[in-house]
Amino acid sequence: MKRVLSCIQPTGDLHYGNYFGAVQNWVKLQSSYETIYGVVDYHAMTMPYNPKKLRENTWELIYNLIALGIKPDNLFIQSLVPEHSELSWIFNNFASMGRVENMTQFKDKSQQSKSGKDGFISVGLFDYPVLQAADILIYKADFVPVGEDQRQHLELTREIAQRFNNQVGKEYFVLPETLFTETPKIRSTADPSRKMSKSAGEKHNISVFADEAVIRKRIKSAVTDAGDTKEGEMSSGVQNLFEMLKASGEMDTYNSLMSDYDSGQLKYSTLKEGVADALSNLSNTFNAKKAEITADKKEVKYQIKNSSAAIRKIAQETIKEVKDLCGLINVKF
Ligand code: TRP
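Caption draft 1: Region of the structure containing the layout of surface pockets. Taken as a whole, the second largest pocket encloses approximately 380 Å³ of empty space. Looking at the second largest pocket, it is lined by 14 residues, and the ones nearest its centre are Q316, K320, N330, V331 and K332. Listed by contribution, the elements that provide at least two residues to the lining of the second largest pocket are α4 (83-92) and α13 (297-326). Class assignment for the residues of the lining of the second largest pocket results in 5 nonpolar, 2 polar and 7 charged.

Written as structure tokens, this is what we have:
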């Protein structure tokens, strides 16, 4: 079975953009691949952060991912597998300075930091994609499901693997491929010209754990005509509502409302009701599952420590081979 790996940063809540755009796909992939999913807390230290919040967010994300359908056995916490940072140091020597300097995520985030309190930009932020390469290659992943925004980081990962292979004179690392599955890009219901995101503010995202009342209110007030529509085209706001309906799996409702649209009969209020029903159903299920899981947090923590330890075995094997190939001393203490 081919191996799939992906990771997510522990920053707060998950919204429907995260769910329909990534996590829902991760859940599905579990049945056709060997899947490994990481909560990358080391990455979360690259921007100004609060230690207490980091730990809370890490566990919270674990509960959330399990509530959404990720199996605990497939989950690990990055800092419980210290070999990631060890491989990342080794990879620093195979990563091109010029290429890393060119990463757009670094440029964007360092720009954000510059406008912050003291304008501090860490070396960690710069080195972020090298740690990401280590996350992927340490498990010799075949496929990495990520969004378009991560294309450059995957490219860099392959370059590092290739340079490493050249150095050691062996095709040791498989070059991982990006798995661009067709996942919908969900937009903000308050402003369909931008994507659903947490950083843009509360009204620009809908939590997957939102109360039904909140969901209904947000969908009811969703912008359907932002004045950006060309004659005869569906507006981005209406498209977005249809996307969410489809992503929720409500195909009967989707098809019937779409044919209403085609014949010019669609009432936006009916579409909104359909979307609100679909999201409320999902969120009610997620909330029930989360309540069940968090009733015994100790048990979940225990499970995740065990799954991290099991996944770590793969990482330890890789590090051992890598150290041998690189001319480092290997001793079993
Ligand atoms: N950089 C990714 C993001 O911002 C998160 C990430 C870290 C990641 N390590 C990874 C994704 C390894 C895939 C594989 O979304």
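From this point, the discussion proceeds with the structure in view.
Caption draft 2: Molecular detail of the domain arrangement of the chain. Taken domain by domain, the chain comprises domain 1 (3-183 + 297-326) and domain 2 (202-292). If you average the C-alpha positions of domain 1 and of domain 2, the two centres end up 32 Å apart. With 13 residues of domain 1 at the interface, the matching set in domain 2 holds 14 residues. Carbon and sulfur atoms supply 67% of the area buried between domain 1 and domain 2, which totals about 1200 Å² over both sides.

Caption draft 3: Broad picture of the nonpolar core. Residues Y16, F20, I62, L65, I219, F242 and L271 are the most contacted members of the largest nonpolar core, which totals 54 residues. When residues in this core are grouped by element, the largest group, 8 residues, is from helix α12 (residues 268-294). Each of domain 1 (3-183 + 297-326) and domain 2 (202-292) gives at least three residues to this core. When neighbours within four sequence positions are excluded, L65 is seen to be in contact with I8, L14, V23, V39, I70 and L75. The next biggest cluster of nonpolar side chains, apart from the first, holds 37 residues, and it includes F91, A95, I136 and V322.

Reading guide: rules and limits
Residues numbered from 1 in each chain as written. Predicted model: local features only at pLDDT ≥ 70, side-chain atom pairs only at ≥ 80, totals over all residues. Heavy atoms only, no water. 1 Å grid on protein atoms, 1.4 Å probe; cavity = no way out; pocket = protein on both sides within 12 Å on 5 of 7 lines; lining within 4 Å. Points joined across faces, edges and corners; volume = space filled by probe spheres on them. Helix = DSSP H or I, 4+ residues; strand = E, 2+ residues; numbered from the N terminus. Nonpolar A, V, L, I, M, F, W, Y, C, P; charged D, E, K, R; others polar. Domains from an automatic or database assignment. Contact = heavy atoms within 4.5 Å. Buried area = accessible area lost by both parts, 1.4 Å probe. Core = buried A, V, L, I, M, F, W, Y, C linked by side-chain atoms within 4.5 Å. Buried < 20%, exposed > 50% of the residue type's maximum accessible area, 1.4 Å probe, protein only.

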